[in-house]
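Overview (structure and organization)
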Amino acid sequence: MSTAKFPETIEAFAINKTGGFEVLEKLTLPFPKVEPGHLVIKVEWIGVNFIDTYYRQGLYPYTSFPAILGKETSGEIIALPTDPEVLNSPDFQRMEYKVGGKVAVDFLGTHSTYISVPWIKAYPITHGVSTRIAAAGLVQGLTALTFFEESYKVKKGDTILIHTVAGGLGLLMAQLGKHLGATVIGTTSTKEKAELAKAHGVDHVILYKEEDTVKRVLEITNGVGVEAVFDGVGKDTFESNFEMLRRKGTLVSVGNASGAVPPVSPLKLLPKNLKLLRPTMNNYLVTPDEAAYYGDKVFELISSGVLKINIFKEYPFTQEGGQQAQKDLTGGKTTGKLLIKVVQD
């Protein structure tokens with residue numbers, strides 16, 4: 001399909017400079033450049049994530065402006081790659097992409113009505129999952145799955161700690177941890193969130209505003225500590241994790257909800273022979289084999305009910321809707337996933 005058949009412009013959530021919520025705008029921009037190895041997708045749903053706020057604030061840098069925000073979408077393929085080498089590749093062919101097929105995409109700069117993305121970043125939606133659920137579950141599902149398999153391989157008999165456990169990623173990590181046979185401890189801020197966490201299988205919920213998290217974790221583990229901590233909070237919880245890990249434990253720094261973790265000396269790991277990682281999910285999904293394996297696996301786990309996707313709220317595809325979604329996400333009051341509906345019924 002030639003670019004002449006595409007619209008001339010797209011609507012997108014974008015910024016002209018970094019800053020507060022007010023810099024997020026809904027802009028009309030030129031249709032993206034379609035590379036020979038790209039799929040072109042008409043977007044139906046947008047998933048909102050903390051990483052969108054990191055880019056909007058400037059914590060992670062953009063190289064030019066206006067910059068389109070976001071990295072999680074789902075929709076319908078409207079054009080396949082034009083590069084014969086790609087089309088004839090066994091890696092491409094096994095993904096079974098087709099015009100009209102549904103995919104979920106993890107690629108920076110995709111919160112817009114149409115997107116052009118490298119084919120390897122588009123995951124065919126399998127096992128009967130809808131585009132709505134796929135947009136809600138892709139990034140957090142892949143993050144939970146890759147971190148629990150590769151950052152620290154969670155196994156039967158482990159005890160793990162999740163900060164915080166009642167958000168979208170935390171709830172998926174909790175469910176996956178239970179599925180793998182681990183005892184799951186989670187921190188959260190309110191009794192309502194604690195009930196939600198328990199309903200998703202969390203064995204021990206700690207209300208960090210009311211309880212001493214370190215004391216409770218050591219009580220639960222008989223003074224031994226946990227095999228692994230998955231910490232999406234960052235600055236506020238980082239130091240205390242070292243007290244709660246057992247000897248040879250693993251600290252996986254997942255996110256920066258309270259701010260970035262300050263520099264840390266390797267000597268910090270010495271007293272208990274600890275491991276410290278700051279992974280990003282995308283670096284676990286580089287090769288075609290990795291993309292095919294984890295992409296199919298995440299939709300299988302969603303379809304089978306192992307991973308229940310909780311949608312907190314749907315927002316309109318307006319400037320106000322985009323800003324409000326980020327405000328709600330960073331305000332600490334959401335449980336589960338925030339979605340924006342791009343294609344109207």
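Everything here concerns the structure above.
Residues numbered from 1 in each chain as written. Predicted model: local features only at pLDDT ≥ 70, side-chain atom pairs only at ≥ 80, totals over all residues. Heavy atoms only, no water.

**Quick look at the overall build of the protein chain**
- Along the backbone of the protein chain there are 10 helices and 16 strands.
- Scaling as 2.2 N^0.38, a compact globule of 345 residues should have a C-alpha radius of gyration of about 20 Å, and the protein chain matches this with 20 Å.
- Taken along the three principal axes of its C-alpha coordinates, the protein chain extends 65 × 45 × 40 Å.
- Relative to its full complement of 345 residues, the protein chain shows a buried share of 53%.
- Counted over contacts in the protein chain with a minimum sequence separation of 6, partners at least 24 positions apart contribute 71%.
- Each charge sign in the protein chain was given a centre, from 37 positive and 37 negative side chains, and these centres are 5 Å apart. (Helix = DSSP H or I, 4+ residues; strand = E, 2+ residues; numbered from the N terminus. Rg over C-alpha atoms; globule rule 2.2 N^0.38 Å. Buried < 20%, exposed > 50% of the residue type's maximum accessible area, 1.4 Å probe, protein only. Contact = heavy atoms within 4.5 Å. Lys, Arg positive; Asp, Glu negative; His and termini not counted. Charge placed at Lys NZ, Arg CZ, Asp CG, Glu CD.)

**Digging into the nonpolar core**
- With 82 residues, the main nonpolar core has I41, Y97, F147, M173, F230 and F299 as its most contacted residues.
- Sort the elements by how many residues they give to this core and helix α4 (residues 131-151) lands first, with 10 residues.
- If near-sequence neighbours (up to four positions away) are discounted, F147 is found in contact with Y152, M173, F230, V252, V254, P279, T280, M281 and Y284. (Core = buried A, V, L, I, M, F, W, Y, C linked by side-chain atoms within 4.5 Å.)

**Concerning the sheet that holds strand β14 (residues 275-277)**
- The six strands are arranged β11-β10-β9-β12-β13-β14 in an open sheet whose pairing can be described as parallel. If you trace the sheet from one side to the other, it starts and ends with β11 (204-207) and β14, each paired once. Averaged over all pairs of adjacent strands, the angle between their axes in this sheet comes to 15 degrees, without regard to strand direction.
- Its contacts with the sheet put helix α6 (residues 191-199) on β10 (183-188) and β11, and the angle it makes with β11 is roughly 165 degrees. (Pairing = 2+ DSSP bridges. Axes fitted to C-alpha atoms, helices over the stretch in contact; angles between N-to-C directions.)

**Some words on the sheet that holds strand β1 (residues 9-15)**
- If you trace the three strands from one edge of the open sheet to the other, you get β2-β1-β4, paired in antiparallel fashion. Lying at the two open borders of the sheet, with one neighbouring strand each, are β2 (25-30) and β4 (67-68).
- For β1 and β4, the ladder comprises two bridges, and the chain directions are antiparallel. Note that in β4 the partner of A14 across the bridge is I68.

**Things to note about the pairing of strand β7 (residues 114-118)**
- The element β7 is largely enclosed, with a buried count of four among its five residues.
- Here strand β3 (residues 38-48) runs beside β7; their pairing, made up of five bridges, is antiparallel. Bridge assignment links V40 to a residue of β7, and that residue is S116.

**A short note on α6**
- Turning to α6, its buried residues number three or more, namely K193, A194 and A197. When α6 is viewed along its axis, its buried side chains cluster within an angular range of 105 degrees and face the same direction. Residues of α6 that are exposed and point more than 90 degrees away from the buried face comprise E192 and A199.
- Once α6 finishes, G201 follows within two positions and takes phi at roughly 100 degrees, a positive value. (Arc of directions from axis to C-beta.)

**Topic: the packing of aromatic side chains**
- All told, the structure shown has 15 aromatic pairs when counted by the stated rule.
- Between the aromatic rings of F92 and Y97, the centroid separation amounts to 5.2 Å while the plane-to-plane angle is 40 degrees, which identifies the pairing as tilted. Each member of the pair F92 and Y97 is classed as buried.
- Through successive ring pairs, a cluster of aromatic residues spans F50, Y54, Y55, Y60, Y62 and F65. (Phe/Tyr/Trp six-rings, centres within 6.5 Å; stacked < 30°, edge-to-face > 60°.)

**Remarks on the pairing of β3**
- Most of β3 is tucked away, with 10 of its 11 residues classed as buried.
- In terms of strand pairing, β3 meets strand β5 (residues 72-79) through six bridges, oriented antiparallel. From the neighbouring strand, V43 faces β5, where its bridge partner is G75.
- The sheet contact formed by β3 and strand β16 (residues 337-341) spans four bridges and is antiparallel. Looking at the pairing, V48 lines up with L338 of β16.

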